[in-house]
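Chains, contacts and geometry: an overview
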Amino acid sequence: NMSSCVQLITTQDTTKPVIVCPADLTINCDANSSSSATGIATATDNCDPAASLIIAQRDSIVDGTCANAKFIYRIWTATDSCMNMSSCVQLITTQDTTKPVIICPADLTINCDADASSSATGVATATDNCDPAASLIIAQRDSIVASSCANSKLIYRIWTATDSCMNMSRCVQLITTQDTTKPVIVCPADLTINCDADASSSA
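The following refers to the structure shown.

Definitions and cut-offs
Residues numbered from 1 in each chain as written. Predicted model: local features only at pLDDT ≥ 70, side-chain atom pairs only at ≥ 80, totals over all residues. Heavy atoms only, no water. Disulfide = S-S within 2.5 Å. Helix = DSSP H or I, 4+ residues; strand = E, 2+ residues; numbered from the N terminus. Buried < 20%, exposed > 50% of the residue type's maximum accessible area, 1.4 Å probe, protein only. Salt bridge = Lys/Arg side-chain N within 4 Å of Asp/Glu carboxyl O. Contact = heavy atoms within 4.5 Å. Pairing = 2+ DSSP bridges. Axes fitted to C-alpha atoms, helices over the stretch in contact; angles between N-to-C directions. Patch = residues over 30% accessible without salt bridge, like charges linked within 9 Å, V, L, I, M, F, W, Y side chains within 5 Å. Areas by Shrake-Rupley, 256 points an atom, 1.4 Å probe, with all protein chains shown as cover.

What about the state of the cysteines?
Using the criterion set out here, one finds four disulfides in the structure. The side chain of Cys21 participates in a disulfide bridge whose partner is Cys88; the two sulfur atoms lie 2.1 Å from each other. Given an S-S torsion of about 95 degrees, the disulfide between Cys21 and Cys88 has right-handed geometry. With Cys21 in the loop between β1 (18-20) and β2 (25-28) and Cys88 in strand β6 (residues 85-95), this pair connects stretches of sequence that are 67 residues apart. Judged by relative accessible area, Cys21 falls into the buried class, the value being 19%. One disulfide in the model links Cys66 with Cys165; its S-S distance is 1.8 Å. Taking the torsion about the sulfur-sulfur bond, which here is approximately 80 degrees, the covalent link between Cys66 and Cys165 counts as right-handed. Placement of Cys66 in the loop between β4 (54-63) and β5 (70-79) and of Cys165 in the loop between β11 (153-162) and β12 (168-178) is noted, with a sequence separation of 99 residues between them. Taking the relative accessible area as the measure of exposure, Cys66 reaches 14% and is therefore buried. The class of Cys165 is buried, set by a relative accessible area of 15%.

Next comes the structure, spelled out in C-alpha cells:
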C-alpha cells in the first residue's frame, strides 16, 4: 500500500557576485588608457562559474587642472545569470609632465639697418606629446649685449614653448648685428678764392 505527496523546493539566487577592480593608477596623457592596458576587473559568484558572469565597464571623466590632466572613473559591473549585479570603481589619473620640443630659427648675422624682428629672422616651432602644435604658446624675449661699436650688437632671442599643463621648454637664437657699410660723404663744391681770402673750412 503506498501513498504520496509532493514537496516543492524552489532554488533562488539573490547573492550578488563579488567583484574586484584593477588597482588605481596614474598614467601619462599619451599612454593607452584602455582596459587592455590598465587592467580588467575580476569576479566570482556563489552559484555561477566566473566564466559565465558578465563583466562590463563605463567611464565617467572629470577634467583636472589642465587639458591633459583628467580623472577617469572606470565603473566596473559584474552580473550573474539571475541579474544580481555588483560594481566597483577604478580611478585612472592622466597627467602631462612632458615638456614640448622646441626648435629655434638658425643663428644669423644681419646688418645694423636690417629688420631684426622675428618676422624677418624666423619664428621658433614646437611639438608636444599631447597638445596639438596649434595650441602651444610660443613666446620670445630679447637679451641684448653691446659689442665693439655702437651698431654692433649681440641679440640673444630666447624662445619658449608652453603646453596647456604649463610644461615649458626653451631655446636661444643668436642674432649678430654688424656695421660694414662706409659713410657716404659729400664734399663742398670746388671754388676759386683770392689769395688773401679765408681758406678755412668755416669760410
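A look at the pattern of salt bridges
Applying the stated criterion across every chain yields a total of two salt bridges. The salt bridge involving Arg157 is made with Asp142; its shortest N-O contact spans 2.8 Å. With Arg157 in strand β11 and Asp142 in strand β10 (residues 137-146), the pair connects residues that are 15 residues apart, well separated along the chain. Judged by relative accessible area, which is 3%, Arg157 ranks as buried. By relative accessible area, which is 36% here, Asp142 ends up partly exposed.

Examining the environment of Cys21
Each C-alpha atom of the pair Cys21 and Cys5 lies 49 Å from the other, and the pair is 16 residues apart in sequence. Those residues in contact with Cys21 that sit more than four places away from it in its chain are Ala41, Trp76, Cys88, Val89 and Gln90.

Notes on the sheet that holds β12
Spatially, the four strands line up as an open sheet ordered β8-β12-β11-β10, and their pairing is mixed. Here the strands that pair on one side only, and so sit at the sheet edges, are β8 (108-111) and β10. On average, adjacent strands in this sheet sit at an angle of 25 degrees to one another, irrespective of strand direction. When β10 meets β11, the two strands line up antiparallel, connected through 10 bridges.

A look at a nonpolar patch on the surface
Where nonpolar side chains cluster on the molecular surface, the patch consists of Val62, Phe71, Tyr73 and Val89 and spans about 310 Å² of accessible area. In this fold, Phe71 is placed in strand β5.

Focus on unusual backbone geometry
Positive phi outside glycine occurs at Met83, with the angle close to 65 degrees. When you line up the elements, Met83 lands in the loop between β5 and β6. Taking relative accessible area as the criterion, Met83 reaches 66% and is therefore assigned exposed. For Met166, which is not glycine, the phi torsion reads 65 degrees and is therefore positive. In this fold, Met166 is placed in the loop between β11 and β12. In this structure Met166 comes out as exposed when scored by relative accessible area, which is 64%.

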